[in-house]
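Remarks on the overall topology
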Amino acid sequence: MTLPAVGLFGGTFDPFHHAHLRMARAFRDEIGLERLLLVPAGEPYHRAPPEPASAWDRLAMTRLAVRDEPAMEADDREIRRDAPSYTVDTLAELRGEIGPRTPLWFLIGGDSLANLPGWKDWERLFRLANLAVALRPGFHPDTLPPEVARHWHERQVADFSNQRASGTIRPLRLPPVDLSATRIREAISRGEDVSALVPAPVLRYIGEHRLYR
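Under an unreviewed UniProt entry, the name given to the chain is Probable nicotinate-nucleotide adenylyltransferase, and the organism recorded is Paludibacterium paludis. What UniProt records for the chain under Pathway (unreviewed entry) is the sentence "Cofactor biosynthesis; NAD(+) biosynthesis; deamido-NAD(+) from nicotinate D-ribonucleotide: step 1/1." The record held by UniProt for the chain lists under Catalytic activity (unreviewed entry) the comment "nicotinate beta-D-ribonucleotide + ATP + H(+) = deamido-NAD(+) + diphosphate".

Given below as structure tokens:
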């Protein structure tokens, strides 16, 4: 029996833009996810406060961006958490909700993969989820720290249909998009047109709430 897969895509989403949406669609479609949770970070421990938009504004923008996308939903669990947000805690909470057998996929960037040894309980991630790694051009596993490279070689699978609940790694290859939330915030602060960079409902929300001014 094929079990429905669940995916988790986390980020600050400040604001949620077209590159985020493109990556979420590729993640959903390549794996065949039944549910994809987009989780705006509450209090990212690795970023200096204050955030340019509030956590609740970032959640609202994410909800607007994916409200018409099949299988996608914005999730507020990290914003509701009254403590710094760690990926391992979020995955453990979600694993408790979906049970031990459901395939759970966590989307991570190639640059973040290289920095995994600095994450809280990073090796526990493989007991909780599979990793879909979004690779940028120029990525090479030889550049990974030895402890991460070992997992990369030992856990990699050829496709997303392995039905393992956790413990595997699969590259998710996407053509590069030169787009960053920082650049969008700066453009908005200068009064520039960013309508080609963010979904229309998100742009309306930014204007109505005068964000990034």
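There is more to say after this.
The tally for this structure, following the rule as stated, stands at 14 salt bridges. Arg77 is the salt-bridge partner of Asp75, the closest N and O atoms lying 2.9 Å from each other. Asp75 gets classed as buried once you look at its relative accessible area, which sits at 9%. Residue classification places Arg77 among the buried positions, given a relative accessible area of 6%. A salt bridge links Lys120 to Asp89, with the shortest nitrogen-to-oxygen separation between them at 3.2 Å. Placement of the pair is Lys120 in the loop between helix H5 (110-114) and helix H6 (125-128) and Asp89 in helix H4 (residues 87-98), with a sequence separation of 31 residues. The class for Lys120 is partly exposed, based on a relative accessible area of 35%. On the accessibility criterion, Asp89 (27% relative accessible area) is partly exposed. A network of salt bridges, in which partner residues are shared, links Asp75, Arg77, Arg81, Glu93 and Glu97.

Cut-offs applied
- Residues numbered from 1 in each chain as written.
- Predicted model: local features only at pLDDT ≥ 70, side-chain atom pairs only at ≥ 80, totals over all residues.
- Heavy atoms only, no water.
- UniProt positions renumbered as here; feature names shortened; annotations may be inferred.
- Salt bridge = Lys/Arg side-chain N within 4 Å of Asp/Glu carboxyl O.
- Buried < 20%, exposed > 50% of the residue type's maximum accessible area, 1.4 Å probe, protein only.
- Helix = DSSP H or I, 4+ residues; strand = E, 2+ residues; numbered from the N terminus.

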